[in-house]
Amino acid sequence: MISYLGRVNYSYLDKYIVTANSREDGSSRFAKGNKWGFFPSVSAAWVISNENFFPDTKAVSFLKLRTGY
């Protein structure tokens, strides 16, 4: 069994973040002729607390909205 993992992060203005992941697994337990599995993922985030319209309060100092697939 062997695995490879890769990740790329990109941040724009410390407000918008995109992450891409890639994992590839090889195993003798997989089906014959298909010994490798590829598992990609991607996510995006918006750091709302870094926007100008976000109020400066002690109750919430960091707020991020994130989604992924």
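Notes on the structure follow. Fair warning: this is a prediction, and the values are worked out from it, not measured in the lab.

1. Describing the overall build of the protein chain
Now for step 1: Across its full length, the protein chain carries 0 helices and 4 strands.
Now for step 2: Along the chain direction, N to C, the helices and strands of the protein chain fall in the order β-β-β-β.
Now for step 3: The C-alpha atoms of the protein chain give a radius of gyration of 18 Å, which is well past the 11 Å a tight globule of 69 residues would have.
Now for step 4: Each principal axis of the C-alpha distribution contributes one length, and for the protein chain these read about 60 × 20 × 15 Å.
Now for step 5: Considering the protein chain as a whole, with its 69 residues, one finds that 20% of them fall into the buried category.
Now for step 6: Taking the contacts inside the protein chain whose residues are at least 6 apart along the sequence as the reference set, 28% of them involve residues at least 24 apart.
Now for step 7: Summed over its atoms, the accessible surface of the protein chain is roughly 5,800 Å², and 58% of this surface lies on carbon and sulfur atoms.
Now for step 8: Within the protein chain, the 5 negative side-chain charges are centred at a point lying 12 Å from the centre of the 9 positive side-chain charges.

2. Comments concerning the pairing of strand S1 (residues 2-12)
Now for step 1: One ladder, built from 11 bridges, connects S1 with strand S2 (residues 16-26); its direction is antiparallel. Residue pairing for S2: Ser 3 is matched across the bridge by Asp 25.
Now for step 2: Connecting S1 to the antiparallel partner S2 that follows it, the hairpin turn spans 3 residues, and Leu 13 within it adopts a positive phi of roughly 60°.

3. Points about the pattern of salt bridges
Now for step 1: Summed over the entire model, instances satisfying the criterion amount to 2 salt bridges.
Now for step 2: Taking the shortest distance from any N to any O, the salt bridge between Glu 51 and Lys 15 comes out at 3.5 Å. Within this pair, whereas Glu 51 is found in the loop between strand S3 (36-47) and strand S4 (64-68), its partner Lys 15 is found in the loop between S1 and S2, the two being separated by 36 residues in sequence.
Now for step 3: The class of Glu 51 is buried, set by a relative accessible area of 13%.
Now for step 4: A relative accessible area of 16% places Lys 15 in the buried class.

Quick notes on the rules
- Every residue gets a number counted from 1 within its own chain, in the order that chain's sequence is written.
- Only residues with pLDDT of at least 70 get local features here, since the model is predicted, and only at 80 or more are side-chain atom pairs given and counted; chain-wide, interface and lining totals rely on the full set of residues.
- Water and hydrogen atoms were dropped before computing side-chain values, which therefore reflect all heavy atoms in the structure.
- For helices the rule is a DSSP run of H or I covering at least 4 residues; for strands it is a run of E covering at least 2, with both sets numbered from the N terminus onward.
- Only C-alpha atoms enter the radius of gyration; for comparison, a globular chain is expected to reach 2.2 Å times N to the power 0.38, where N is the number of residues.
- The buried label goes to any residue with under 20% of its type's maximum accessible area, the exposed label to any with over 50%, and the partly exposed label to all in between, with areas taken from a 1.4 Å probe on protein chains only.
- Between two residues, a contact is recorded if the distance between any of their heavy atoms is within 4.5 Å.
- To be clear on the numbers: accessible area is Shrake-Rupley with a 1.4 Å probe, and residue cover counts the displayed protein chains and nothing else.
- Here Asp and Glu are counted as negative and Lys and Arg as positive; His is not counted, and neither are the chain ends.
- Taken as the charge location is NZ of Lys, CZ of Arg, CG of Asp or CD of Glu.
- The criterion for strand pairing is that DSSP finds at least two bridges linking the strands in question.
- Within this document, salt bridges are pairs made up of a side-chain nitrogen of Lys or Arg and a carboxyl oxygen of Asp or Glu, the two lying within 4 Å of each other.

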